[in-house]
Amino acid sequence: MSEYVFKLPDLGEGLVEAEIAEWMVKVGDFVEEESPIGAMLTDKAAVELSAPVSGRVVRLGGEVGETIAVGSPMIVFEIDGAQGSTETEPQKQAETPTTAVESQVGETSVKSEPQHSPATNGKVLTSPSVRQRAREAGVDLTLVSGSGPRGRILRSDLDTYLAASKADAEKGARTPEADNQINEIKVIGMRRIIAERMSEANREIPHFAYVEEIDISALESLRQHLNSKKTGSDEKLTLLPFIGLALTRVLKRFPQCNALYDRDRNVISQYRAVHLGIATQTADGLKVPVVKNSESLELEALAAEIRRVSAAAREKTAKRDELMGSTITITSLGKLGGIVSTPVINLPEVAIIGVNKAVDRPMVLDGQVVIRKMMNLSSSFDHRFVDGYDAAMMIQALKDLLEQPATIFMPE
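The rules behind each value
Starting afresh in each chain, residues are numbered from 1 along the sequence in its written order. For this predicted model, a pLDDT threshold of at least 70 governs which residues receive local features, and a threshold of 80 or more governs which side-chain atom pairs are given and counted, while totals over whole chains, interfaces and linings are taken from all residues. Just so you know, side-chain values use all the structure's heavy atoms and leave hydrogens and water out. Orientation is described by lines fitted to C-alpha atoms, with helices fitted over the stretch in contact, and by angles between N-to-C directions that extend from 0 to 180 degrees. Numbered from the N terminus, helices here are DSSP runs of H or I no shorter than four residues, and strands are runs of E no shorter than two. What makes a crossing left-handed is the near helix being turned counterclockwise from the far one by less than a right angle; a clockwise turn instead makes it right-handed. Whether two residues are in contact is decided by their heavy atoms, any of which lying within 4.5 Å being enough. Think of it as three bins: nonpolar holds Ala, Val, Leu, Ile, Met, Phe, Trp, Tyr, Cys and Pro, charged holds Asp, Glu, Lys and Arg, and polar takes everything else, Gly as well. Classification of ring pairs rests on two measures: the distance between centres of Phe, Tyr or Trp rings, Trp counted by its six-membered ring, which must be within 6.5 Å, and the angle between planes, read as stacked under 30 degrees, edge-to-face over 60 and tilted in between. To estimate how far a helix should reach, multiply one less than its number of residues by 1.5 Å. The buried label goes to any residue with under 20% of its type's maximum accessible area, the exposed label to any with over 50%, and the partly exposed label to all in between, with areas taken from a 1.4 Å probe on protein chains only. This arc corresponds to the set of directions leading from the helix axis out to the C-beta atoms. Two strands pair under a simple rule: DSSP has to find at least two bridges between them. Whenever a nitrogen or oxygen atom comes within 3.5 Å of another N or O atom, the pair is scored as a polar contact, on the condition that within protein one atom can donate a hydrogen and the other can accept it, and that pairs from neighbouring residues in sequence are kept only if both atoms are in side chains.

Draft legend 1. The arrangement of the packing of helix H7 (residues 239-250) against helix H8 (residues 299-314) in detail. Contact geometry of H7 with H8 gives a least axis separation of 9 Å together with a crossing angle of 115 degrees. Like other packed secondary-structure pairs, H7 and H8 cross with a definite hand, here right-handed. Along its contact with H7, which presents Leu240, Pro241, Phe242, Gly244 and Leu245, the element H8 presents Leu299, Leu302, Ala303 and Ile306. Among the residues forming the contact of H7 with H8, the class breakdown is eight nonpolar, one polar and no charged.

Draft legend 2. Focus on the packing of aromatic side chains. Using the criterion set out here, one finds one aromatic pair in the structure. Seen from their ring centres, Tyr261 and Phe385 are 4.5 Å apart, and the 40 degrees between their planes marks the pair as tilted. Of this pair, Tyr261 sits in strand E13 (residues 259-262) while Phe385 sits in the loop between strand E21 (368-382) and helix H9 (388-403); the two residues are 124 residues apart in sequence, bridging distant segments of the chain.

Draft legend 3. Helix H6 (residues 217-228), seen in detail. Here H6 is twelve residues long and its end C-alpha atoms lie 16 Å apart, about the 16 Å a rise of 1.5 Å per residue gives. For H6, the complete set of buried residues consists of Ser217, Leu219, Glu220, Arg223 and Asn227. Across the axial projection of H6, the buried residues extend over an arc of 160 degrees, all falling on one side.

Draft legend 4. Quick look at the sheet that holds strand E19 (residues 328-332). With mixed pairing, six strands are arranged side by side in an open sheet as E12-E21-E20-E19-E15-E18. One side of each edge strand has no neighbouring strand; the edge strands of this open sheet are strand E12 (207-215) and strand E18 (290-291). By the bridge criterion, nine bridges tie E12 to E21 in an arrangement that is antiparallel. Paired with Glu212 across the strands is Leu377, a residue of E21. Here H9 sits on the sheet and contacts E12, strand E20 (351-365) and E21; the angle it forms with E12, its principal contact strand, is near 20 degrees.

Draft legend 5. Structural view of the side chain of Ser380. As for its placement among the helices and strands, Ser380 is situated in strand E21. From its side chain, Ser380 meets the backbone oxygen of Pro343 in a polar contact 2.7 Å long. Setting aside residues up to four positions removed in sequence, Ser380 forms contacts with His207, Phe208, Ala209, Thr342, Pro343, Ile345, Val350, Ala351 and Ile352.

Set out below in structure tokens:
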């Protein structure tokens, strides 16, 4: 017998380290070659790693939540001496099968007859995202019946289990012990990255906030008119693509707001193209998928692309380049948008546009009190590079287009 040291391979994009998102094996387990052994989290994606050999796990390279460097020992196997050397070669590392966690094997690409059976012997077949959600909910996956191939636990299986558990809990009487229960959740993975980025943005950027109310009565009338022409299977237009389209027009006059700041080089890069970030709430936290070259898209195409990248982010199918490269971001909570918000700038951008909810309000128009559809834009700017005057002028220009929506579509 000999030892085989599997080192963390290069995960791409010049990354030098990654966080241990989860272990799928433990010391003492016998693992077959190409079986999943763990998932590593980078700034952009989670990557599932497979065993390069068959063997028994002797040591793990760290605990969940710890960060290890590329090339450092990740896991040590005890193997039959005939299988190979005692340490992975660089080329073997590059060939190690890696699968994006978001692929959800067995949920979207594999079809089979349901096999409603709970996992046994502690060997749970499921995706890392389901494991993470189960950890956060305090669920032992060995108690969940899997309906996927070979009893694999699908996201729908966990949803069903959680719903049943909630119903059972509501039936039972509350006790003092339950009232005093504390659930401690370790801040790791995507939530840790989000926390670090928010802290960095708040620490590094002197935010300048600007709020403007906009009469979108005409815009809402146009939106409803266009939607009335659609058939039952067509996707309805929301306000977001109108705002995005208007923003691409405005940024041509205010390129200082469509820019990225490189702190290491101390350089501001102003872009002609508008790579529009769409802040999207997901089960893993806030993600910002990107509509590349949104200035080249017409209304319906922009709306379709916003829907596509947002859905991909929520369903964990977004490609890595679809989650990076934005030059300005729009954030909206839809009907929960409130009256005013203070959005945090998405580093390394210098501006973010916050969309608040649209409400009917009494307004004075031509000396008469009338009901108008009003909406606030709550935006933040990096005051180091965008002067308050320019920020206000940009939002005013955006307001003009949205209040007279026909002008959004007029040639410049």
